[in-house]
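# Overview (structure and organization)
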Amino acid sequence: MADILGSFEQAVLLAIVRLREDAYGRAVLKEVQSRLGRDVAAGAVHATLARLEGKNLIASRLGPGTPVRGGRSRRFYRLHPKGLHALNDARMTVDNLWHGLTWPLKGSV
Amino acid sequence: MSTSATPPRWAETLLRAILKSGDFDSVSGDLLEEYRESIHPVRGQRRADLWYVTEVLGFASRSARLWGTLFGAAVVARNALDWFAPPLNFQTRAAVSTYLGVGLLVASGFCAAWRSRSAVAGTVAGVTTAAMGGFISIVGAVGLLAIWHGPQTMMAIRGSGGLGEVFTLPILMILPGLLLGTVGGIAGAASNRFHSA
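Here we summarise the structure given alongside this text.

Definitions and cut-offs
Residues numbered from 1 in each chain as written. Chains lettered and ligands numbered in written order. Predicted model: local features only at pLDDT ≥ 70, side-chain atom pairs only at ≥ 80, totals over all residues. Heavy atoms only, no water. Helix = DSSP H or I, 4+ residues; strand = E, 2+ residues; numbered from the N terminus. Contact = heavy atoms within 4.5 Å. Areas by Shrake-Rupley, 256 points an atom, 1.4 Å probe, with all protein chains shown as cover. Lys, Arg positive; Asp, Glu negative; His and termini not counted. Charge placed at Lys NZ, Arg CZ, Asp CG, Glu CD. Patch = residues over 30% accessible without salt bridge, like charges linked within 9 Å, V, L, I, M, F, W, Y side chains within 5 Å. Salt bridge = Lys/Arg side-chain N within 4 Å of Asp/Glu carboxyl O. Buried < 20%, exposed > 50% of the residue type's maximum accessible area, 1.4 Å probe, protein only. Buried area = accessible area lost by both parts, 1.4 Å probe. Polar contact = N/O pair within 3.5 Å; in protein donor to acceptor, adjacent residues only side chain to side chain. Core = buried A, V, L, I, M, F, W, Y, C linked by side-chain atoms within 4.5 Å. Expected span 1.5 Å × (residues − 1). 1 Å grid on protein atoms, 1.4 Å probe; cavity = no way out; pocket = protein on both sides within 12 Å on 5 of 7 lines; lining within 4 Å. Points joined across faces, edges and corners; volume = space filled by probe spheres on them. Nonpolar A, V, L, I, M, F, W, Y, C, P; charged D, E, K, R; others polar. Pairing = 2+ DSSP bridges.

### Comments concerning the overall build of chain B
Of regular secondary structure, chain B possesses eight helices and zero strands. Put simply, chain B runs from its N terminus to its C terminus through helices and strands in the order α-α-α-α-α-α-α-α. In terms of principal-axis extent, the alpha carbons of chain B reach across some 65 × 45 × 20 Å. Counting only contacts in chain B whose residues sit at least 6 apart along the sequence, the fraction spanning at least 24 positions is 78%. In the form shown here, chain B has an accessible surface area of approximately 10200 Å², with 68% of it arising from carbon and sulfur atoms. A distance of 8 Å separates the average location of the 15 positive side-chain charges in chain B from that of its 11 negative side-chain charges.

Written as structure tokens, this is what we have:
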């Protein structure tokens, strides 16, 4: 069975999917902030990235820095097949939960 | 955007002490890029510095979350025991809880320093663990008091040192946190070096 993902983990993994080759720490942070529509602490994203890498859902490599970063390296992330599987499972679970219901829900429930 | 705007040097030093040695470049680079491209141009120097320090403190609290929670839970458990099952003699309990507290603070410093290979990380972890544990224990004590505040409980509280001790001791734990975290940090950093040699 694939890993069960929390919603923040899904947001981070989907940001990596969307960013493709450009998925490094700060780009993931901006993408997650933009998709969730709120400020997110950099530490929360980095902790999640480290946890996902620990679960072998993603892999990382170091890339060159830029002047604005003071030349410090960037860590680029990519999805592992196991991460893809976990994301597909998460989507399937949500789809199953919503099956037969019309969104947005209306009236009193 | 400015490539010369610089966050507080001490905060960068603190970040270096907290993070794993291999993570500092990429993480601090991400923070610096965000600071220079997004935060500094909009908020100005002082508020951008505040943002940077808050982010660094966030990293510190995350790294000590487990130890801080354990420390706080231990203090809350000790309070609950003293209030609801007061002993005739507090000596044994005091000794056990002191050793447990010392062990947790040293362990938090050891683990942080082992991870980052820096003894300073131990000091930061010790202080953060004590601060976080203190906060949890104060909230826990308020919670216990909100539910149980009958005359018998209040008498037991007075017998175990009083409310003053319940609410000031957690704040005073910061200093032992600093010292014991440093001790653990020195041991952790030395062990890591010895292990890698």
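From this point on, the discussion continues.
### Description of a nonpolar patch on the surface
All names here are of chain A. Where nonpolar side chains cluster on the molecular surface, the patch consists of Val94, Leu97, Trp98, Leu101, Trp103 and Leu105 and spans about 690 Å² of accessible area. In this fold, valine 94 is placed in helix H4 (residues 81-98). Exposure remark for valine 94: the relative accessible area of 38% places this residue in the partly exposed category.

### Points about the interface of chain A and chain B
With 22 residues of chain A in contact, the opposing surface of chain B contributes 22 residues. Approximately 1800 Å² of surface area, both sides summed, lies buried where chain A meets chain B, with 47% of it carried by carbon and sulfur atoms. A per-residue breakdown of the area chain A buries against chain B is headed by A:Arg26, A:Val68 and A:Arg72, which together make up 41% of the total. At the boundary of chain A with chain B, the tally comes to eight salt bridges. The salt bridge involving A:Arg72 is made with B:Glu12; its shortest N-O contact spans 2.8 Å. Scanning the region where chain A abuts chain B turns up 17 residue pairs in polar contact (both at pLDDT 80 or more).

### Details of unusual backbone geometry
In the segment running from A:Trp103 into A:Pro104, the intervening peptide bond is cis, with an omega of 0°. Here A:Pro104 shows up in the segment after H4. Even without glycine at this site, B:Arg117 takes up a positive phi of about 65°. Tracing the chain through its elements places B:Arg117 in the loop between helix H4 (91-116) and helix H5 (119-147).

### Points about the nonpolar core
Counting residues in each nonpolar core, the largest one holds 47 residues, and the members touching the most others are A:Ile16 and A:Val28. Those elements that place two or more of their residues in this core are helix H1 (7-19), helix H2 (25-36), helix H3 (42-54), strand E2 (74-79) and H4 of chain A together with helix H1 (9-18) and helix H2 (24-63) of chain B. A:Ile16 has contacts with A:Ala23, A:Val28, A:Leu49, A:Ile58, A:Tyr77, A:Arg78 and A:Leu79, leaving out every residue within four places of it along the chain. Counting seven residues, the second largest nonpolar core, distinct from the first, contains B:Ala141, B:Leu144, B:Ile157 and B:Val166.

### Considerations on H5(B)
The first and last C-alpha atoms of H5(B) sit 42 Å apart over 29 residues, in line with the 42 Å expected at 1.5 Å per residue. With a side-chain oxygen lying 3.2 Å from the backbone nitrogen of B:Val120, the N-terminal cap of H5(B) falls on B:Ser118.

### Description of empty space enclosed by the protein
Residues and elements named next belong to chain B. Applying the stated criterion to the full structure yields one cavity of 30 Å³ or more. By volume, the largest cavity is sized at about 40 Å³. Taken together, Ala17, Ile18, Ser63, Ala112, Arg115, Ala121, Val124 and Ala125 make up the lining of the largest cavity. Counting residues per element, the ones that place at least two in the lining of the largest cavity are H1, H4 and H5. Among the elements that line the lining of the largest cavity, the one with the most residues is H5, at three residues. Looking at the lining of the largest cavity residue by residue, the class counts come to six nonpolar, one polar and one charged.

### Side note on the pairing of E2(A)
Residues and elements named next belong to chain A. Burial runs high along E2: five of the six residues are buried. Note that strand E1 (residues 58-63) and E2 share six bridges and pair antiparallel. Residue pairing for E2: isoleucine 58 is matched across the bridge by leucine 79.

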